[in-house]
Amino acid sequence: MGKILGKLLVIPKRGGRFTMGIEMCCVLTTRCMLKCDYCPMFQHGRQSVIYDECTADEWIRFFEAFPHWLSYVALSGGEPTVHDGLPEIAHYLSNRGTHVRIYTNLLKIETLLRIDPRKKIDILTTYHHGDDYDRWVRNVKELKLARFKFTVHEIESPQMVK
């Protein structure tokens, strides 16, 4: 199974009631079309997959082990849009009531456009300096036209901050 981090959250609600949920970040793949030198996936000369990737079915079987309390899952990578099963995984989680967030550089938008924008799925996209800015902006606009819920961040490499 891929690299999976999880924690149990106890969240107070209005009126003094509490709710519990498991929040986790799942690295679907270490593959990425960028080779940012500040990214931990590509430090120390690693330019390839550093573990065997799980299929969409394997991820879904893993999530089935959390039948009730899986409240939030972040799907990350490398770049999660290079994993062909991303739409299936995101839809499965959303259909069971889990809040899904996809962290993406937005360069493989065709994978994201296979996701239903009406689902409880949001996208956090980053622009990485040195990448094709015009293409990234076009993809942001296409997501907006498709009515996706998304947040935009800009990544500053350590070299830019000097």
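Up top is the structure these notes are about.
Quick look at the structure, then.

What counts and what doesn't
- Residues numbered from 1 in each chain as written.
- Predicted model: local features only at pLDDT ≥ 70, side-chain atom pairs only at ≥ 80, totals over all residues.
- Heavy atoms only, no water.
- Helix = DSSP H or I, 4+ residues; strand = E, 2+ residues; numbered from the N terminus.
- Expected span 1.5 Å × (residues − 1).
- Buried < 20%, exposed > 50% of the residue type's maximum accessible area, 1.4 Å probe, protein only.
- Arc of directions from axis to C-beta.
- Core = buried A, V, L, I, M, F, W, Y, C linked by side-chain atoms within 4.5 Å.

### Comments concerning helix α4 (residues 133–145)
Every α-helix winds through 3.6 residues per turn, so residues three or four apart in the chain are directed the same way. An ideal rise of 1.5 Å per residue puts 18 Å on 13 residues; α4 measures up with 18 Å between its terminal C-alpha atoms. Along α4, the residues classified as buried are Trp136, Asn139, Val140 and Leu143. Within α4, the buried residues cover an arc of 105 degrees as seen down the axis, which keeps them to one side. Pointing more than 90 degrees away from the buried face of α4 are the exposed residues Asp134, Arg138, Lys141, Lys144 and Leu145. Of the residues trailing α4, Arg147 is marked for its positive phi of about 70 degrees.

### Here's the deal with the nonpolar core
One broad trend across soluble globular proteins is that nonpolar side chains are buried collectively. Among the nonpolar cores identified, the biggest contains 29 residues, and Phe63, Leu75 and Ile102 are the most heavily contacted of them. Secondary-structure elements contributing two or more residues to this core are β2 (18–29), α1 (56–63), β3 (70–77), α2 (86–95), β4 (99–104), α3 (109–112), β5 (121–128) and α4.

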